[in-house]
Amino acid sequence: MMNRRGRIIEIRGIKGLLTVIFILCCLITGFTVFPGFIAMHIWNLITPYIQDMPQMSLIHGVMLWAICFLIWFAFNGKIPSMHFGCTPGMNDEEIREFVERIKQERINEDCEKTQNSEENNK
């Protein structure tokens, strides 16, 4: 269903075209260059405290921002996290069950191998 309250934008002449180009340039600048400018300044604030760390120019800041955005996008907008900890140890009963399952799987594999070799020999 179409929205009845929607508006159609009409671009007339050179003035309208230039206005659209100007708006697009402002959007691109606002979403790429400005965050890159901020990333560059944050990087350059950190560099004096780390030995032999190079300063960044604006293009490097934009690339850093693009890398950060692509990483964020790769994780579907979710911030990747790391969890540290250990799982509780297995008690004697769980260890016995685990060993029995391994033995059973090994027996099943041996049976399948012998069946396959018998079929190949026929």
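Residues numbered from 1 in each chain as written. Predicted model: local features only at pLDDT ≥ 70, side-chain atom pairs only at ≥ 80, totals over all residues. Heavy atoms only, no water.

Examining the side chain of Asn44
Thought 1: The residue Asn44 is located in helix 1 (residues 13–46) in this model.
Thought 2: Among the residues examined, Asn44 registers a relative accessible area of 17% and is labelled buried.
Thought 3: For Asn44, the side chain forms a polar contact with the main-chain nitrogen of Met56, separated by 2.8 Å.
Thought 4: Other than its neighbours up to four places away in sequence, Asn44 contacts Gln55 and Met56. (Helix = DSSP H or I, 4+ residues; strand = E, 2+ residues; numbered from the N terminus. Buried < 20%, exposed > 50% of the residue type's maximum accessible area, 1.4 Å probe, protein only. Polar contact = N/O pair within 3.5 Å; in protein donor to acceptor, adjacent residues only side chain to side chain. Contact = heavy atoms within 4.5 Å.)

Let's talk about the confidence of the model for the protein
Thought 1: Per-chain confidence: the protein averages 84 in pLDDT, with 87% of residues scoring 70 or above.
Thought 2: Within the protein, helix 1 carries the highest mean pLDDT (92), whereas helix 3 (residues 92–121) carries the lowest (84). (pLDDT = per-residue confidence, 0-100.)

Regarding unusual backbone geometry
Thought 1: Unusually for a residue other than glycine, Asp52 sits at a positive phi of about 60°.
Thought 2: Tracing the sequence through the fold places Asp52 in the loop between helix 1 and helix 2 (58–74).

Here's the deal with helix 2
An α-helix turns once every 3.6 residues. As a result, residues three or four positions apart point the same way.
Thought 1: In a regular helix each residue adds 1.5 Å, so 17 residues correspond to 24 Å; helix 2 covers 24 Å between its end C-alpha atoms and thus fits that length.
Thought 2: Just past helix 2, the residue Asn76 takes up positive phi, approximately 55°. (Expected span 1.5 Å × (residues − 1).)

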